[in-house]
There are 4 protein chains.
Amino acid sequence: MLIVMRMGATDEEVRGVLARLKEFNLEGHLSPGKERVVIGAVGVIGDPDIRAQMGRMSGVDEVIAISRPYKLTGREFQKEDTVIDVGGVKIGDGTMVVMAGPCSIENEEHMVTTARAVAASGAQILRGGAFKPRTSPYAFRGLGEEGLQHLAAAREATGLPVITEVMEARDVELVARYADILQIGTRNMQNFMLLDEVGLARKPVMLKRGLSATIDEWLLAAEYIMAKGNRDVILCERGIRTFETATRNTLDLSAIPVVKRLSHLPIVSDPAHGTGHWYLVDPMARASMAVGADGLMVEVHPNPDHALSDGPQSLTLENFDSLMRSLERVGEAVGHPLAPQPQLAAVAD
Amino acid sequence: MLIVMRMGATDEEVRGVLARLKEFNLEGHLSPGKERVVIGAVGVIGDPDIRAQMGRMSGVDEVIAISRPYKLTGREFQKEDTVIDVGGVKIGDGTMVVMAGPCSIENEEHMVTTARAVAASGAQILRGGAFKPRTSPYAFRGLGEEGLQHLAAAREATGLPVITEVMEARDVELVARYADILQIGTRNMQNFMLLDEVGLARKPVMLKRGLSATIDEWLLAAEYIMAKGNRDVILCERGIRTFETATRNTLDLSAIPVVKRLSHLPIVSDPAHGTGHWYLVDPMARASMAVGADGLMVEVHPNPDHALSDGPQSLTLENFDSLMRSLERVGEAVGHPLAPQPQLAAVAD
Amino acid sequence: MLIVMRMGATDEEVRGVLARLKEFNLEGHLSPGKERVVIGAVGVIGDPDIRAQMGRMSGVDEVIAISRPYKLTGREFQKEDTVIDVGGVKIGDGTMVVMAGPCSIENEEHMVTTARAVAASGAQILRGGAFKPRTSPYAFRGLGEEGLQHLAAAREATGLPVITEVMEARDVELVARYADILQIGTRNMQNFMLLDEVGLARKPVMLKRGLSATIDEWLLAAEYIMAKGNRDVILCERGIRTFETATRNTLDLSAIPVVKRLSHLPIVSDPAHGTGHWYLVDPMARASMAVGADGLMVEVHPNPDHALSDGPQSLTLENFDSLMRSLERVGEAVGHPLAPQPQLAAVAD
Amino acid sequence: MLIVMRMGATDEEVRGVLARLKEFNLEGHLSPGKERVVIGAVGVIGDPDIRAQMGRMSGVDEVIAISRPYKLTGREFQKEDTVIDVGGVKIGDGTMVVMAGPCSIENEEHMVTTARAVAASGAQILRGGAFKPRTSPYAFRGLGEEGLQHLAAAREATGLPVITEVMEARDVELVARYADILQIGTRNMQNFMLLDEVGLARKPVMLKRGLSATIDEWLLAAEYIMAKGNRDVILCERGIRTFETATRNTLDLSAIPVVKRLSHLPIVSDPAHGTGHWYLVDPMARASMAVGADGLMVEVHPNPDHALSDGPQSLTLENFDSLMRSLERVGEAVGHPLAPQPQLAAVAD
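Computed from a predicted model, the values in this text were never measured in an experiment.

Counting across every chain of the model gives four aromatic pairs over all chains. Relative to tyrosine 224 of chain B, the ring of phenylalanine 192 of chain B lies with its centre 4.5 Å away and its plane at 20 degrees, an arrangement referred to as stacked. In this pair, phenylalanine 192 of chain B is assigned in helix H6 (residues 192-200) and tyrosine 224 of chain B in helix H7 (residues 215-227), connecting sequence segments 32 residues apart. For the residue pair phenylalanine 192 of chain B and tyrosine 224 of chain B, the accessibility class agrees, reading buried in each case. Over the ring of tyrosine 279 of chain C we find arginine 261 of chain B; its NZ or CZ atom is 3.8 Å from the centre of that ring.

All names here are of chain A. Looking at where asparagine 249 falls in the secondary structure, it is placed in the loop between strand S12 (233-237) and helix H8 (255-262). For asparagine 249, a relative accessible area of 5% puts it in the buried group. Only 3.3 Å separates the side chain of asparagine 249 from the side chain of arginine 238, close enough to count as a polar contact. Apart from the residues lying within four places of it in its own chain, the contact partners of asparagine 249 are Leu211, Arg238, Gly239, Ile240, Arg241, His273, Gly274 and Thr275.

This brings us to the sheet that holds strand S3 (residues 38-42) of chain C. All names here are of chain C. Strand order across the open sheet formed by four strands is S2-S3-S1-S4, with antiparallel pairing between neighbours. Whereas interior strands pair on both sides, the edge strands pair on one side only; in this sheet they are strand S2 (27-31) and strand S4 (60-64). For this sheet the average axis-to-axis angle between neighbouring strands, irrespective of direction, equals 25 degrees. Note that strand S1 (residues 2-5) and S4 share four bridges and pair antiparallel. When the sheet's bridge partners are listed, valine 4 is paired in S4 with glutamate 62.

Attention now goes to the interface of chain C and chain D. Between chain C and chain D, the residue contacts involve 55 residues of the former and 54 residues of the latter. Regarding the contact of chain C and chain D, the summed buried area is about 4800 Å², with carbon and sulfur atoms giving 49% of it. On inspection of chain C and its partner chain D, the count reaches six salt bridges. The partner of glutamate 217 of chain C in a salt bridge is arginine 241 of chain D, with the nearest N and O atoms 2.7 Å apart. Our enumeration of links across chain C and chain D arrives at 17 residue pairs in polar contact (both at pLDDT 80 or more). Mapped onto the side of chain C that touches chain D, the elements with two or more residues apiece are helix H1 (11-23), helix H2 (49-55), helix H6 (192-200) and helix H7 (215-227) of chain C. Considering every element that reaches the side of chain C that touches chain D, the biggest residue donor is H7 of chain C, with five residues.

All right, on to the interface of chain A and chain B then. Listed as interface residues are 54 residues of chain A and, on the opposing side, 54 residues of chain B. Roughly 4800 Å² of surface becomes buried between chain A and chain B when both sides are summed, with 49% attributable to carbon and sulfur atoms. The tally of links from chain A across to chain B stands at six salt bridges. A salt bridge links arginine 141 of chain B to aspartate 196 of chain A; the shortest N-O distance between them is 2.8 Å. Seen at the junction of chain A and chain B, the total is 17 residue pairs in polar contact (both at pLDDT 80 or more). Looking at the side of chain A that touches chain B, the elements with two or more residues in it are helix H1 (11-23), helix H2 (49-55), helix H6 (192-200) and helix H7 (215-227) of chain A.

Conventions we followed
- Residues numbered from 1 in each chain as written.
- Chains lettered and ligands numbered in written order.
- Predicted model: local features only at pLDDT ≥ 70, side-chain atom pairs only at ≥ 80, totals over all residues.
- Heavy atoms only, no water.
- Phe/Tyr/Trp six-rings, centres within 6.5 Å; stacked < 30°, edge-to-face > 60°.
- Helix = DSSP H or I, 4+ residues; strand = E, 2+ residues; numbered from the N terminus.
- Buried < 20%, exposed > 50% of the residue type's maximum accessible area, 1.4 Å probe, protein only.
- Lys NZ or Arg CZ within 6 Å of the ring centre and 35° of its normal.
- Polar contact = N/O pair within 3.5 Å; in protein donor to acceptor, adjacent residues only side chain to side chain.
- Contact = heavy atoms within 4.5 Å.
- Pairing = 2+ DSSP bridges.
- Axes fitted to C-alpha atoms, helices over the stretch in contact; angles between N-to-C directions.
- Buried area = accessible area lost by both parts, 1.4 Å probe.
- Salt bridge = Lys/Arg side-chain N within 4 Å of Asp/Glu carboxyl O.

If you want it as C-alpha cells, here you go:
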C-alpha cells in the first residue's frame, strides 16, 4: 500500500499518517518527491478496509494498492496451473474440454438424445440447466430436481460427466448429489452466501464472470470459494456488458490470457451467451481455442427453433459436429488440442 | 411484437412465420414496405421466449417488442403513484424522505448515538447494515442478528422506522422480524430466489439497481417481487458501472425522471454508493431532490475515519445536519419538500 | 512515478531500472516492502512516454503515475477559479449563465425570433449551430457561413454574445470572426489539430467532453488549448456513453463537482444532448444548478416538431421561460444564482 | 420506419401522424394491436431527421427504424465482398494480410531496417506513423512529412505498399502523395470533414472504429467516405472502451463476423491497440485470424524498450517472426490463409 500525500501536505499530516499506520501494525517508509511525499506501508495488511480508512485522512491524496487483492487464486500464491479431474476428464492441463448440451433440460428423452449426439461428436462434458435464472418472472424457469434426474440419466447413457447450475445456497446439497461440476451463473458471481456454500461442497465449481465484473472482482469472488476450502475452481468468461447492442454482450477474449497470467485457475469460454447469436458461436469458439481457453461451453439443441430457452444462440447437432471438426484442426495448429473423451458408455440400440 | 423480414424474404418464409404465430395463438398482420415485409403479431404474448423463437425463423431479420416487458410495475398497469406507508412515513407522495445512518452497525451504543443525531437533524428513516456484501472475503461482513438487535434498539430510542439489507432467501424471515423495510442490494438485483422470497414477505422492499442493469431489467426485477403479491416496492438508483474511474460508479440521475415516467413505484437515490466520495454526497443529494427523487439514502457516521466499512463515503454528523438544512431550501424551491418526520420517541437522558 | 517491481524481482532487474531512470535524469528511491520493492522516481518527468517505457522493463510489474498528467488545467497550477468575461457576461464567478437557442440555425428570421424570446426569458448567451456534425452523411449539416451571419444578426438584435461550433482547423479563423465563444464538439474533443488551432485564437473556447472520455483525458484535451496560449477554456459535460439505452447518453452530473475540485476552469452542463429527451431537460437542468455548474446549454426552438435537427430534445419558448423561473428559485436555494444578463439591445418593433 | 402509438392514443393523434407522414411523401399503414396501434411508413425516407420528428408527435410512444441507416456500406446494397487491390496485395479476397511496422517512424535507418525484417518474415504491407495523435500535448507527435519520406524509402527498399495515418483534412493531399492506404484513426472516426476529404482521394482508406462507436455508427462513418465516391474502404477493429482496466481497451472480436454479415467491406484487426500489452498481441492475433479478419495490424519495433511511442504493445522482430509462423498454421486450419506477398524489392547489401 502506497499513500500519496497531496502537494503541500504538512509535516503534521505526514506524522498523522505514520501514526495511524502504526495502529495497524504497519511501518511507514517515506519516499520524498519533487512534488509530493509518498509513504510506503510495509507489513501484513489483513483487512482491506484499512486502505479506505487511510484514504480519508487529512493530507492524503490517494492510496494505491500494490499487492493484488486476492491471494489463493493468484499466480503468486501458486505458480503451477491448477488441473482439475472430473470423472477422468482433466481441465487445465493444456488441452481444451468441450461442455455441450441444451440450455434447459426439457425432458428425459430430449436430454438423452442430445447427450448421445454430443458424445458422438466428441464432447467431454455434458451440460444442461435444471434451475434457470430468467430476466422475466414470466419465462420458463427450469424443471428443478426432475431436470437433475434427466441429466443423471443422460450421464448414465453416455459416460460423460455433467455440469449444471445451482442458484441458491440452500440448493447446493441437492444439486451436488447429481452434478459433477457446480455452475455459478453470471448474476450470482457476487452472491456471497452461495459462494461460501459451494466453497464447502466437495465438487468442482465453475464460476461465470459477472456481466460487469472486472477481472479483479472475479478473482476475488473465486477467492470466496477457495477461502472455504474448495480449491477446484474453474472460471468462465461469458461476455461483459458494453454499449454495443449488435451483440447481446461483448465476449472479452483477451480476459482469457490475462487471467492465465494472473491466476493458476483454468478458464473456459462461453461464446453463445457472450454473443447471443448462433452464427457467432462458431468463429468465437475457434477464437477461444486460439487464445488458449481450457474449455468451451456450447449450447446444442436438436431443434433450436423450438427450444424452451435461448434458442437463438444454440447450435443444431449438425453444426456442433462440424464445429468439433474445425476445433480439432485449430487445436493442432496452435498446439492446444481437444482433451481426450472419458470412457464412454456402451450404446445399446 | 413486430417481426421484420429480411429484404427478399420469400412468400414461403412469410407463411412460415404466420403459421408459427398461430401455434402461439397470435394473429399476424402483414404490413408491406418498400424494402421489407413487417408482420405485426396481435394477441397475448404470455411467454417472453416466443420472441426469441420467432427471431430464429428462416427469413426473419429482427423481432421488435412493442409491449413493455414488465406489467405490474408499469404506468400502463397503474396510473397513480404508489404511496407506501412505513410506520407513519409516506414514501412516494410528492415529498422526499431521508434514510440515514451508518453503513455497518458496529455496536449498540454507536447505533443509538447515530440514530439520535440523525433524528435530531430531521431524518425520517434509519438505516444500518447487519449483513454486508463485501467484494473481498477478508473484509468485515457485518454483525448479523446481533446487529439487527442494535438496530431495533435504535428504533426504540428514536421512533424512526428502520431499513436494513437482506442477502439471502433463507434470512428473509429473520430480517423481516426486525426491519420495517427490507433492502435488496445491487449485487442481488437478479437473485431471483431472493426476489421471490421478499415478494412473499409482508414488509416493503427497497430494490437497488444492479451495477449494470438497464432500467427495463430493473423494472423486471421489481416485477418478480410484485408478481408474488408484494406491491410495496421502492426502487433505488445507486450508480451504474461506466468507464469513468474518477468516481466509484456513475450516479445516473436521469434514471429518476425516466423511471417516474415508466413506473408508478417510488424511487430513492443513493449518492454515496453512486460516487464513492463523501465530498460528492452533498451536491448529488441536492441534485437528487431537484430531479424529483422520493427519497435519499445517506451514510452518516460519528467518526468516518474509523468506520468499519465505506468510511470514505460517509458524512459526519455535522455535515449531515448541514445537508438537511440545504435540502429544506432546495425542496421548497422545487416544490418537492422534505417529508414530515414520524412521531419521535421522547428522549430520556 | 512509482515503479512497482514483481515479487521476486532480482537485484539486477532493480539496478536496471535505476540505471534507466538515470538516463532520463530521474533519481530512483528504493522503498522496501514485505512482498515487493517499489522505486520512486524523483525529478521532472517531461515526456509522458517515459512511463510506458519503464513499464516494459524486465522485473517491473506496474508503473504508477502520481503526478496528474495535466498541468495548466489543474488546481495545483492555479488555485483560484478562472473567470472568463464574454461581452460583459462572467463565466465561472459563482453564478450560472444560460446559453440558449436552436440546435441548428435555419434562417435569419427564425434565429432572431428565437434570440429575442430567450433574451426576454433571461438567457445570458445565445447559441446556434451553423456547422453541424451529423452521424449520417444524409442528414442536414448546417448553413455554414450564412448561418454565422444570421447568428450575428441575432446578436445585433438582442445584445447577447453568441457561441457556435467550429469543426475544423481551417475554419477557426472564419468562425472566430462571428462568434464570441468557439465551441468544440464532443466528437472533436481529441481532434488535436483543431485544439491547437483554437489554442491560437483570441476567443474563449468551450470544450465538450468526448462521449467516452475520462475526466483526465478531457482535462488533457483542454491542456492542448492552454498550452498554445489560450487560457479561456470552458468545459462542457454533455453525457457519456454507457450501456443504458433509455436515454441517449448518461449525463454524468458528478463530473461537475469532480472537475471543480481538480481544475480551476469553469464547467457547463448540456442536459439535452446528455439525455436526448425534452422532458428530461427540465429536471436535469435544475440538478445541474444544484451541483454547481457554471453554465447551462439549452436547446430552444419555437416549433420543435419541425426543427431541422435534434427536435426531440428542444424546449418550446414557453417551456424555456418556465425553466428559467424555476432556475431562479433553485439558484437562490443553493446560493448559486443565475448570472446577470448583459446590456440588452433596445427592441425596435 | 414503424411508429408505435402510446396505449390509448386517440384517433385524432393517429390521424395527425398519418397526415405528417404524407408531408414527407410517406404512406402510413395501420396495424391494429391488442394494446397499441402501430403505423408502418412506406416510401423513401431520405432524411434521417424525419424519424426524430415523428417521435415528438402527440400520441407517439416510439419510432423504430427498420431500414439500416447506411446504404452503400451494406450487404443489401452489394452482396459480394469488396476486394481492394493495393500494389498487388488483395484485401478482402478470403486471405489475411499483415500490416506491420513501428508505431512511430523515428528515422530512415530505423524504418528501413524494420521494413526489411517484417518483409523477410512475410508481412504484405508496411505501416508507420508520421502524424501521431497523442492524448497529452507533451508527448511525441511524429516527424510529419520527413517521416513520410522515410516511409517511402522503406517501400522502395522492400517493395511493400505502405499505410500511414492522416489526421486532418488539409493534410490529405500531402499524405496521399506518399501513402498507398490512408489511415483514419479512432479519434477521427467522426471527424466528418476529414471523412469527406478522404472520400475524394484516390487512395484506399482504412477507417478505425471509434473508441465508443457502435457498429452502426462505424458503418455510417464509412458511408461518408463512400458517399463522396471512394469505394475502397477498409474497416479496422481496434478495441472499444469498457469498464475493464486490466486491458487498455476491450478488443471486440465478435464485431468482425458481425461486420462481415452486415457489410461487404473488408475488416482488419488491431490487437495491440485493442489490448495495450505486447503479451496479448500473439493470442489475439491468432484469434483474429480464427474469426475471419481480412487483415491484421501489428506494431513491430527492433527495440521496443526504446520506442518513441507505444513501446509496451510492440513486438520484437523475433516475436513477430514467430507470430507469422503461428499464423500460417492457424490460417491453414481455418481455411483462411495468409495472403501472398507482393513482388519484393531485390535486397542489395
